[in-house]
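# Structure assessment
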Amino acid sequence: RIDKLAEKQMATSMPFPASQLDEATVTDLCARAKSWVPHLLELASSDKSFKSLGTKNGVKIFVSATEGQRVHLIKGVTIVKATSETIKRCFIAADTESFNHLFSVIDPMFSVGGVFDVFPHGYQYPALPYFGIKWARFTLPGGILWDRDFVFLEHGDEVTQPDGSTLGYGVGHSIELPQCPATDGLVRAEIYVSGYVFREIAPETVELAYILQADPKGWVPAWAVNMGATQQAMNVGRIRVWLEGIQEAKKRMAADLEKFMSVSIDHAYLHDRTVPRRGTISHTVPTKPGDAVSWIFSVEAHDVDFSIAGIEAVAPTHMQRVTHEKSLTGSGVASGSSVTFTWNNSYSWLKEKRVYYCIKLPSGFAIGGGGHKAEAVAV
């Protein structure tokens, strides 16, 4: 038993290769995903079938016992001080790196995930509509039960309301695909419905609803599942803190974004990462010799050391300490096939540091990354 537990914890990537589905299958999956939208919007807009469990840390919590299902449907609703454009761009996770980052924010039980396919094929962030098939692995509290995994289809888009306002959403359900079989050592769980709905109710003020009904399967009694399910409503509170941090960073960097990158704060692709105490993080982008590269970053509080490798006339060992009082901007010419940005917090024994940054390449803004190759999105 101990050997099996150790073995399953070593799995750190999607257990089947990413692939591109044929167009007939894609057409069928798109139609299925679109059919889920009316139910999600109804759940988000009406509390009729829900019982209120009160408000905790700014999150209104609701629960509904669905006939024929052993697990409850939960809903968490909160107010986010951010624009709907910022939220939309943060929720689209079309590559594995972005997906892992997003879900690590959303759910503390999330372990690792991967993107199996994204369509329309040739998808370019942040276009809508968006469809993706994803795999995610979760570790249940206590550490004595097998990890769970899900394969689900996700769809995101915007709709115009009768009053002219825009409503954004993302919906997801479990699906079965022969290319994504169950894996030894994991219990294949099922998502009956999941998603989020957001609408801007005032400038930089968005109402965000998070919906979830998921069955972990296996030998977990219904009462235990439902007791834990209400805690899942609090995921929307973690999302709120994350989104508001990004929005505030964009505001701090607004003047530099417009001056050095000619982009408004709503349309900038801002990365957010935590530099651990006594640790470092890096982000590598692929380049060609002679490529123009520019960057902006700020640290949320305190200070952090910064260095860059792969830029002409800049020594990779040169490090400068940057404080939270001002954003750092820079530009240069790539000397080779990649440029690596590094933030170093090894001198701090007590405090982790939160950094927000934007990287612009000739092809657009760098997305993904965090130690892996980054893609680019057109400005």
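Residues numbered from 1 in each chain as written. Predicted model: local features only at pLDDT ≥ 70, side-chain atom pairs only at ≥ 80, totals over all residues. Heavy atoms only, no water.

### Remarks on helix 7 (residues 254-261)
Taken together, the buried positions of helix 7 are Ala254, Asp256, Leu257 and Met261. Down the axis of helix 7, the smallest arc covering the buried residues is 165°, so these residues share one side. The exposed residues of helix 7 that point more than 90 degrees off its buried face are Ala255, Glu258 and Lys259. Within two residues after helix 7, Ser262 carries a phi angle of roughly 55°, on the positive side. (Buried < 20%, exposed > 50% of the residue type's maximum accessible area, 1.4 Å probe, protein only. Helix = DSSP H or I, 4+ residues; strand = E, 2+ residues; numbered from the N terminus. Arc of directions from axis to C-beta.)

### Some points on the confidence of the model for the chain
Averaged over every residue, the pLDDT of the chain is 88; residues scoring 70 or more account for 93%. Within the chain, no element has a lower average pLDDT than helix 1 (residues 2-9), which sits at 36, and none a higher one than strand 5 (residues 130-138), at 97. Segment residues 1-11: pLDDT under 50, and 12 contacts once partners within four positions in sequence are set aside and those in other chains are kept. Segment residues 370-379 is flagged for pLDDT under 50; beyond a separation of four residues in sequence, or across chains, it makes 39 contacts in the model. (pLDDT = per-residue confidence, 0-100. Contact = heavy atoms within 4.5 Å.)

### Considerations on the pairing of strand 3 (residues 73-80)
Moving residue by residue along a regular strand, the side chains alternate between the two faces of the sheet. Strand 3 sits mainly inside the fold: seven of its eight residues count as buried. Where strand 2 (residues 59-64) lies against strand 3, five bridges are found, and the strand directions are antiparallel. Counted as the bridge partner of Ile61 is Gly76 from strand 3. Relative to strand 10 (residues 205-215), strand 3 runs antiparallel, the two being bridged by seven bridges. Residue pairing across strands places Gly76 opposite Tyr210, the latter belonging to strand 10. (Pairing = 2+ DSSP bridges.)

### Regarding the pattern of salt bridges
Per the stated rule, a full pass over the model turns up 15 salt bridges. One salt bridge connects Glu85 with Arg89, and the closest N-O pair in it is separated by 2.7 Å. Of this pair, Glu85 and Arg89 both sit in helix 3 (residues 84-91), four residues apart, which is roughly one turn of the helix. Neither Glu85 nor Arg89 differs from the other in exposure class; each is buried. When salt bridges with common partners are traced through the structure, they connect Arg70, Glu190, Asp215 and Lys217 into a single cluster. (Salt bridge = Lys/Arg side-chain N within 4 Å of Asp/Glu carboxyl O.)

### Remarks on the environment of Leu73
Along the chain, the position of Leu73 falls in strand 3. A relative accessible area of 5% places Leu73 in the buried class. Residues Leu73 and Phe62, spaced 11 residues apart in sequence, show a C-alpha to C-alpha distance of 8.4 Å. Contact partners of Leu73, with chain neighbours within four places excluded, come to Leu43, Phe50, Phe62, Val63, Ser64, Thr66, Val193, Ile211, Leu212 and Gln213.

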